[in-house]
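The lines below spell out each chain.
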Amino acid sequence: MRRPGACNKVLQASGRGAASSGIVAGDRGEALLEAVAPVGKLGCALLAAQDGYRGPGGAGAELRRRDPSHPAVELGFLEDRLGKDVIHTGCRLGAFAQHEGGVIAHFFDRTGAHIKTAQGDVLVGADGIHSRVREMLFPDEGPPCWNGLMLWRGARDWPAFLTGNSMIVAGGLNAKVVVYPIAEGSSPANRLTNWAVLVKVGDNNAQPPRREDWSRLGKREELMPHVARFSVPHVDARTLISATPEFYEYPCCDRDPLPYWTWGRVTLLGDAAHPMYPVGSNGASQAILDARALADSLAHAEHPRQALLAYEQKRLPMTAEIVRSNRRGGPEGVIDAVEQLAPDGFTDIDKVLSYAQREAIVRGYASKAGFAAPSLAAVRAEGQSPSSPAHA
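The rules we used
- Residues numbered from 1 in each chain as written.
- Predicted model: local features only at pLDDT ≥ 70, side-chain atom pairs only at ≥ 80, totals over all residues.
- Heavy atoms only, no water.
- Helix = DSSP H or I, 4+ residues; strand = E, 2+ residues; numbered from the N terminus.
- Buried < 20%, exposed > 50% of the residue type's maximum accessible area, 1.4 Å probe, protein only.
- Contact = heavy atoms within 4.5 Å.
- Areas by Shrake-Rupley, 256 points an atom, 1.4 Å probe, with all protein chains shown as cover.
- Phe/Tyr/Trp six-rings, centres within 6.5 Å; stacked < 30°, edge-to-face > 60°.
- Polar contact = N/O pair within 3.5 Å; in protein donor to acceptor, adjacent residues only side chain to side chain.
- Pairing = 2+ DSSP bridges.
- Salt bridge = Lys/Arg side-chain N within 4 Å of Asp/Glu carboxyl O.

1. Side note on the overall build of the chain
Turning to step 1, where the next piece is worked out: What the chain contains, in helices and strands, is 12 helices and 14 strands.
Turning to step 2, where the next piece is worked out: For the chain, the residues scored as buried account for 51% of the 392 residues in total.
Turning to step 3, where the next piece is worked out: Long-range pairs, those at least 24 residues apart, make up 76% of the contacts in the chain with a sequence separation of at least 6.
Turning to step 4, where the next piece is worked out: Carbon and sulfur atoms form 53% of the exposed surface of the chain, whose accessible area is close to 18100 Å².

Rendered as structure tokens:
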């Protein structure tokens, strides 16, 4: 996001740091971490970021203390990379205005008092599923869509299982448990282990929980009856979850894909542009791919408007398809397919769904999400000079 001589400002709604349970980068991690790239010819890019994220058990701080290069993003990591003078917390975007030479954005604190006015060549709305920038571009859109699924998530130091770097996904779209390591543990035999439990607790298209409940401490008495349904091989998931001191819950919400993200010198990125269900290790990964595509466009375009439109043209169709695919289960849809064909269990999975059929489901999703090898090569390569799409 930064090159010597370039000016960038990140204005974040919350003064809290961010903690994370870890971004699952898989075999695309190297390419994704290259997404912090130059902004090229721009003088200043304004980035409206979302509220600080409270992760399970403070895992983000633990990760950074052990491995500063880990893709668990927190405020201190960003300050180290971009500089403390770039990040301004406690700022909420209230309004913006465009003119021929740039964008002027006005920021306010939680009480509604004006605290800062900033000017830049472009304004990037990376302010999450409740994006203020998106709301101003699409004022009649309404609230996010909830599919009735609730996610509980936590992390704890725990004995390594299988290879020590393995992920377990057990269950289908209506009920599943996921366990995977996100950092080294307190000893060579341990890992900081993240777990997630996803259960359908409401109807499709039901009213989502209150906005203030979207990142709150979970209640053990609500979670554990669901956990008791699972028997997971290779790791004692029930004991792991029971031993986690605190965890958080989140309703699984998304929004319908937009017809466009860009209006003049203003565009959207990440969850502000394409919030999606947490399927297939996406979400944050797609936001990082957005950032790389945007940085490449800004570095090569002759004009900011041209850069933003080229970025949108590259990323909007792909992410729209991922949003729709995640609603069908994404790569984990292979589990749902087997469950549907053999609801009472099986002894030979190949008689239920062949390896080729299972691989086709997973590989098809990987290609859509940009995780296939040719796509990664394209991400690593230098971007081409973008051409301008039709809409303004």
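2. Some points on the packing of aromatic side chains
Turning to step 1, where the next piece is worked out: Summed over all chains, the structure comprises four aromatic pairs.
Turning to step 2, where the next piece is worked out: For the pair Phe138 and Tyr260, a centre-to-centre distance of 4.9 Å together with 45 degrees between the ring planes defines the contact as tilted. With Phe138 in the loop between helix H4 (132–137) and strand E8 (145–159) and Tyr260 in the loop between strand E13 (248–254) and strand E14 (266–268), the pair connects residues that are 122 residues apart, well separated along the chain.
Turning to step 3, where the next piece is worked out: What makes Phe138 buried here is its relative accessible area of 15%.
Turning to step 4, where the next piece is worked out: In this structure Tyr260 comes out as partly exposed when scored by relative accessible area, which is 30%.

3. Focus on the environment of Arg216
Turning to step 1, where the next piece is worked out: Tracing the backbone through its elements, the reader meets Arg216 in strand E12 (residues 216–217).
Turning to step 2, where the next piece is worked out: The spacing of Arg216 and Trp152 is 64 residues in sequence and 9.9 Å in space, taken between C-alpha atoms.
Turning to step 3, where the next piece is worked out: Here Glu249 takes part through its side chain, which lies 2.8 Å from a polar atom of the side chain of Arg216.

4. Quick notes on the sheet that holds strand E11 (residues 190–200)
Turning to step 1, where the next piece is worked out: Strand order in the open sheet formed by six strands is E9-E10-E11-E8-E13-E12, with antiparallel pairing between adjacent strands. With partners counted over all chains shown, the strands left at the sheet margins are strand E9 (168–172) and E12, one partner each.
Turning to step 2, where the next piece is worked out: Here E8 pairs with E13 via six bridges, running antiparallel. Along E13, the bridge assignment pairs Cys145 with Asp254.

5. Overview of the pattern of salt bridges
Turning to step 1, where the next piece is worked out: For the structure shown, the criterion picks out 10 salt bridges.
Turning to step 2, where the next piece is worked out: For the salt bridge of Glu141 with Arg134, the shortest nitrogen-to-oxygen distance reads 2.6 Å.
Turning to step 3, where the next piece is worked out: Residue classification places Glu141 among the partly exposed positions, given a relative accessible area of 29%.
Turning to step 4, where the next piece is worked out: For Arg134, a relative accessible area of 2% gives the class buried.
Turning to step 5, where the next piece is worked out: In this structure, the salt-bridge partner of Arg358 is Asp350, at a minimum N-O distance of 3.0 Å.
Turning to step 6, where the next piece is worked out: According to the relative accessible area criterion, Asp350 is partly exposed, its value standing at 44%.
Turning to step 7, where the next piece is worked out: Each of the salt bridges in this network shares a partner with another, and the network as a whole consists of Arg134, Glu141 and Arg255.

All quantities given are derived from atomic positions and should not be read as evidence of function.
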